[in-house]
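Given next are the chains, with one letter for each unit.
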Amino acid sequence: MQTPPVLQPDHAFHTLLDHYKKASLRTSGIWLLLANLSFVLFLFGRHQFRVLLDPHADVAVSGPVLDKLALIFLVFIILLLPVLRFIRSRTPAMVLAFLVGLYWAVVFHYMLTSDTQQQLVFPLFCMLIFTALIALYPTMPILYSFTLPLWFSLFFHLILLKADIPVLEIVAMIVASALFETARIMLSRWFVLSVRRECDNQLLVSKLDNLAHYDPLTGVANRRQLDKQLQQLIAQTERQGGIFSLIMIDVDYFKKYNDHYGHQAGDNCLVDIAKCFRQVVRQPADLVARYGGEEFVILLHSAAATDAEVVAQRIRQSVAQAAIPHALSQVADTVTVSQGIMQWSPGMTSLELLQRADSALYDAKHAGRNGYCVGQ
Ligand SMILES: Nc1nc2c(ncn2[C@@H]2O[C@H](COP(=O)(O)OP(=O)(O)OP(=O)(O)O)[C@@H](O)[C@H]2O)c(=O)[nH]1
């Protein structure tokens, strides 16, 4: 990984919100279907239950239409269960919720038009809307797809069919609906808030991770990240075989550069030089790291010393093209770098590898700078 990952707070929040909405729907959607199934079973079997409890009870039967509707619902659920896990987007979930809501709207219609079933409508209505609220409150469109047919069915009977529903029950349904809506607003606010907190925490962790592994000035990896990756690469190459090389780079006459142009210009120069290094390596496999001060290290995966020499030449070229003026340099008019190349060989520790690359760099400095030497 060459550059620190940049998380856009807003984008991250909306992605996370979407993720949690889907995750909650996956579990609570099934729970809601099972709750609806239990209501259907209750309607289907209540006559038999009542007769079992009290054989002399004078109770109304559910009626052939309601029993048939219950059977249709059961078959629908049984057919649906195997395909449920394939429902991943919002639209099919809304269609499904609407179909179940429509089923209950039809059930309400038969109950409200039957003299003996009316008293069940209010408790059933409350159970349905509040269980739906618990399961679907994070996803408002799906929740409303389920509940709108229920409200519409009641409205249709009250206004158009002028059903004979007691005023107290109408008031109770309005109060229940108001409670439903206010609870929905409260719950979804808590949901959004908890996702926001989770998102803030993730962004914080990512910022801390960047601070721990990247150099704040140049944006390349820091010494800690280099040490970690170098150890991992050595362990992996020992295990699986292969080769890799490392280049240690130092800016020539950088003390003079700082003295002449100032420390701030020195910082800018390091940023530009690091950019040159990033441009010449294979992204994202190879690692550019700031080793300390004006020294950098490049870790080249699957590269022999000869491959590293090609990279070293590209670095020299790239730095020359950057053409950063250096009035006090004794080798060129612009900033140059010296490089020490070392290929890892089996049994070599990270410390030995770095030391040998450093002495190759020392050789390059003594050979006149603005060049590279290969270590032994
Ligand atoms: N501006 C700036 N300067 C730095 C930074 N880190 C180290 N330096 C400076 O880099 C200079 C390194 O100087 P030396 O080690 O003497 O090496 P040099 O002048 O490049 O000489 P040679 O390596 O022999 O070519 C020192 O003056 C440090 O203060 C930094 O982050 N920003």
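Note: the structure precedes this text.
Predicted, not measured: the structure shown is a model, and the values here were computed from it.

Let's talk about the overall build of the protein chain
The number of helices and strands found in the protein chain is 11 helices and 5 strands. Burial status across the protein chain gives 44% buried among its 376 residues. Counting every atom, the protein chain has about 20300 Å² of accessible surface; 64% of that belongs to carbon and sulfur.

Notes on the pattern of salt bridges
Taken as a whole, this structure holds 6 salt bridges when the rule is applied. The shortest N-O distance in the salt bridge between K365 and D250 comes to 2.6 Å. With K365 in helix α11 (residues 350–366) and D250 in strand β1 (residues 244–251), the pair connects residues that are 115 residues apart, well separated along the chain. Among the charged side chains, a network of salt bridges with common partners joins D250, D252 and K365.

What about the environment of L43?
Tracing the backbone shows L43 in helix α1 (residues 9–53). Sequence spacing of L43 and V107 is 64 residues, and the spatial spacing of their C-alpha atoms is 10.0 Å.

Side note on the nonpolar core
Among the nonpolar cores identified, the biggest contains 55 residues, and W104 and F125 are the most heavily contacted of them. Those elements that place two or more of their residues in this core are α1, α2 (64–80), α3 (90–113), α4 (118–136), α5 (140–160) and α6 (167–213). With 11 residues, the single largest contributor to this core is α4. Sequence-distant contacts of F125, defined by excluding residues within four places in its chain, comprise F108, L150, W151, L154, M173, A176 and S177. Listed in part, the 29 residues of the second largest apolar core include V220, F254, C269 and I298.

Re the side chain of S338
For S338, the position within the fold is in strand β4 (residues 337–343). One polar contact links S338 to D252, side chain to side chain, over a distance of 2.6 Å. Reaching out from S338, the side chain makes a polar contact with the backbone nitrogen of N370 at a distance of 3.4 Å. Contact partners of S338, with chain neighbours within four places excluded, come to M248, I249, D250, D252, L361, A364, K365, R369, N370 and G371.

So, the pairing of strand β2 (residues 287–292)
The buried fraction of β2 amounts to 5 of the 6 residues, a majority that puts the element mostly inside the structure. Two elements, β2 and strand β3 (residues 295–301), share 5 bridges in a ladder whose sense is antiparallel. Within β3, the residue paired with V288 across the bridge is I298. Linking two consecutive strands that pair antiparallel, namely β2 and β3, is a turn of 2 residues; a positive phi of about 50 degrees is found at G293 within it.

What about the sheet that holds strand β5 (residues 372–374)?
Within the open sheet, the 5 strands sit side by side as β2-β3-β1-β4-β5. Their pairing is mixed. Both edges of this open sheet fall to β2 and β5, since each of them pairs with a single strand only. Here the strands of the sheet are splayed against their neighbours by 20 degrees on average, with no regard to which way each runs. The sheet contact formed by β1 and β3 spans 7 bridges and is antiparallel. The residue bridging I247 from the neighbouring strand is I298, located in β3. Packed onto the sheet, helix α7 (residues 223–240) meets β1, β2 and β3 and runs at close to 125 degrees relative to β2. Against the sheet, helix α10 (residues 305–322) makes contact with β1, β3, β4 and β5, and its axis sits at roughly 165 degrees relative to β4, the strand it touches most.

Conventions used here
- For every chain, the first residue of the written sequence is number 1, and numbering continues from 1 along that sequence.
- Local features are withheld for residues below a pLDDT of 70 in this predicted model, meaning they are given only at 70 or higher, and side-chain atom pairs are given and counted only at 80 or more; totals for whole chains, interfaces and linings count all residues.
- Side-chain figures throughout are based on the complete set of non-hydrogen atoms in the structure, without hydrogens or water.
- Strands are runs of DSSP state E lasting at least 2 residues, helices are runs of H or I lasting at least 4, and numbering of each runs from the N terminus.
- Summary of the burial criterion: residues with accessible area below 20% of their type's maximum are buried, those above 50% are exposed, and those between are partly exposed, where the area comes from a 1.4 Å probe applied to protein chains only.
- Under the convention used here, a 1.4 Å probe and the Shrake-Rupley method define accessible areas, while residue burial counts only the protein chains that appear.
- For this analysis, a salt bridge means a side-chain nitrogen from Lys or Arg found within 4 Å of a carboxyl oxygen belonging to Asp or Glu.
- Definition of nonpolar core: a set of buried residues of the types Ala, Val, Leu, Ile, Met, Phe, Trp, Tyr and Cys, connected through side-chain atoms within 4.5 Å.
- In what follows, a contact means two residues having at least one pair of non-hydrogen atoms within 4.5 Å.
- Side-chain atoms alone can form a polar contact between residues adjacent in sequence; in general such a contact is a pair of N or O atoms within 3.5 Å, and within protein one must be able to donate a hydrogen while the other accepts it.
- For two strands to count as paired, DSSP must find a minimum of two bridges between them.
- Whenever a helix is involved, its axis is fitted only over the stretch in contact; in every case the axis is a line through C-alpha atoms, and angles between N-to-C directions fall within 0 to 180 degrees.

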